[in-house]
Amino acid sequence: MTSSETFHVVTTELVVGAFSVAGLSFTLCLLVHFGVLKQPSWKTMLDNVAHFTLAFGLAATPFAILSGLSSSPGEGMNSPILVNKMFLSMTGFGFALGCLIGRLRLGNKVWSNTKSTAVHASAGLAACGSMLLTASAGGTFTRGESLLDLFNLPYEHVLLFPVFVSLTALLLGTAMLAIGWRRMKSISSIH
């Protein structure tokens, strides 16, 4: 039987690898779209790779989170680094899910103009960045070092909000989700 620590390492590497490839693909999509990279024939391939690897990383994320919680020493969330890892991974999960839902609902139209391209690619890159920061925090927690140590990121400090701020953010997020969903339904029903 595989230990939860080993399973966590495997799932974490799957998540980090998938999100890294997705981030590179989203970056190349932007460069092709804005004409910096003169390879218009790559658009479809990069779009497919970006979204497939994002979906794969998204599917592996819950396994990495759950195995990480079960393999952490102590009673669970007893370290500020672990709390930050949870916040960052959930943020990345949300960005990735939003990016994939947008792509599924709108299809290739997400790349049709500069504004939608910038928003869509930014959401994909934000998901990738959040997951890579999560991995960096994990390296700091387990080994005391990470690749991003040169930036002196404050993993030991947790930003906690009062309950009313958290409830306001939750209501605002839910309202934005409902408005976005309604607008996407109206866009797809017009065409």
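Cut-offs applied
- Residues numbered from 1 in each chain as written.
- Predicted model: local features only at pLDDT ≥ 70, side-chain atom pairs only at ≥ 80, totals over all residues.
- Heavy atoms only, no water.
- Salt bridge = Lys/Arg side-chain N within 4 Å of Asp/Glu carboxyl O.
- Helix = DSSP H or I, 4+ residues; strand = E, 2+ residues; numbered from the N terminus.
- Expected span 1.5 Å × (residues − 1).
- Buried < 20%, exposed > 50% of the residue type's maximum accessible area, 1.4 Å probe, protein only.
- Core = buried A, V, L, I, M, F, W, Y, C linked by side-chain atoms within 4.5 Å.
- Contact = heavy atoms within 4.5 Å.
- Patch = residues over 30% accessible without salt bridge, like charges linked within 9 Å, V, L, I, M, F, W, Y side chains within 5 Å.
- Areas by Shrake-Rupley, 256 points an atom, 1.4 Å probe, with all protein chains shown as cover.

Caption draft 1: Region of the structure containing the pattern of salt bridges. Going through the model one piece at a time under the given rule, you end up with one salt bridge. Ionic pairing is found between R103 and D47, a salt bridge with its closest N-O pair at 2.5 Å. A residue pair is termed long-range when its members are at least 10 positions apart, and R103 in helix α3 (residues 80-106) and D47 in helix α2 (residues 43-71) qualify at 56 residues.

Caption draft 2: Local environment of α3. Relative to the 39 Å expected for 27 residues at 1.5 Å per residue, α3 spans 39 Å between its end C-alpha atoms, a close match to the ideal helical length. Turning to α3, its buried residues number three or more, namely I81, L82, V83, N84, K85, S89, G92, A96, C99, L100, G102 and R103. Just beyond α3, the residue with positive phi is G107, at close to 65°.

Caption draft 3: Representation of the nonpolar core in the model. Residues V15, F19, F26, L54, A96 and W111 are the most contacted members of the largest nonpolar core, which totals 23 residues. For this core, the secondary structure elements donating two or more residues are α1 (4-33), α2, α3 and α4 (114-143). Looking at which element gives the most residues to this core, the answer is α1, with seven residues. Excluding anything up to four places from it in sequence, F19 contacts L54, G57, L58, T61, A96, A127, C128 and M131.

Caption draft 4: Spatial organisation of a nonpolar patch on the surface. On the surface, V10, L14, F52 and F56 cluster together to form a nonpolar patch covering roughly 390 Å² of accessible area. For the nonpolar patch, the secondary structure elements donating two or more residues are α1 and α2. Relative to the helices and strands, F56 resides in helix α2. A residue is classified by how much of its surface remains accessible, and F56, at 39% relative accessible area, is partly exposed.

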